[in-house]
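In case you want the letters, here they are:
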Amino acid sequence: MKGENFTSGCISLCSKKEGIIEGYYSGIGCCATAIPKGLKTLNNHTNVSSFNPCGYTFLAESDKFVFNSSNLSNSSFGEKVTEKVPVVLDWAIGNDYACGENSICVDSETGLGGYRCSFNPGYQGNLYVSPGCTDINECENNNPCDGICNVIPGG
């Protein structure tokens, strides 16, 4: 819905290391929250890190990060998370046109308008970076055909 604001977050406290439960995001040492559908901006912890260096905020694929109490005393934790923990986002393009050759626009499911690009049948690649969608060479992909295999664009 247009004009609607979303807020999501959690609070994490820790008075002693013994109260931490490994692997849980209960709010003792670590907490987790889902990103609401339709979120347009994200406030990062860098806005407060100059006066509150004791915490981290980061995006992560939900089943790819496991909280461990050693994270609390690891000075390189921020770099470790950035380099090793994947992020999967469900996103859409606003008013700009970004779909390249051999792709089509598909309406976004966010409810906020926008679209995504989708491959035409028989194409693969990165939809948003040149050269974009390229033909799948079925002859090289172990296609179990008898006889001669001919590459036809899109098939």
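Below, the structure is looked at part by part.

**Considering the state of the cysteines**
Next, step 1: Counted according to the given criterion, the structure contains one disulfide.
Next, step 2: Cys 99 shares a disulfide with Cys 117; S-S distance 2.1 Å. Between Cys 99 and Cys 117 the disulfide shows an S-S torsion of about -105 degrees. By sign, it is left-handed. Of this pair, Cys 99 sits in the loop between α1 (77–84) and β1 (103–107) while Cys 117 is found in strand β2 (residues 115–119), placing the two residues 18 residues apart along the sequence.
Next, step 3: Its relative accessible area of 8% is what places Cys 117 among the buried residues.
Next, step 4: Here Cys 133 is not disulfide-linked; the sulfur of Cys 117 is the nearest cysteine sulfur, at 7.8 Å.
Next, step 5: By relative accessible area, Cys 133 is classed as buried at 5%.

**Description of the side chain of Ser 103**
Next, step 1: Tracing the backbone shows Ser 103 in strand β1.
Next, step 2: At 2.6 Å, the side chain of Ser 103 forms a polar contact with the backbone oxygen of Gly 100.
Next, step 3: What Ser 103 contacts, discounting residues up to four positions off in sequence, is Ser 118, Phe 119, Asn 120, Leu 127 and Cys 133.

Rules used in this analysis
Residues numbered from 1 in each chain as written. Predicted model: local features only at pLDDT ≥ 70, side-chain atom pairs only at ≥ 80, totals over all residues. Heavy atoms only, no water. Disulfide = S-S within 2.5 Å. Helix = DSSP H or I, 4+ residues; strand = E, 2+ residues; numbered from the N terminus. Buried < 20%, exposed > 50% of the residue type's maximum accessible area, 1.4 Å probe, protein only. Polar contact = N/O pair within 3.5 Å; in protein donor to acceptor, adjacent residues only side chain to side chain. Contact = heavy atoms within 4.5 Å.

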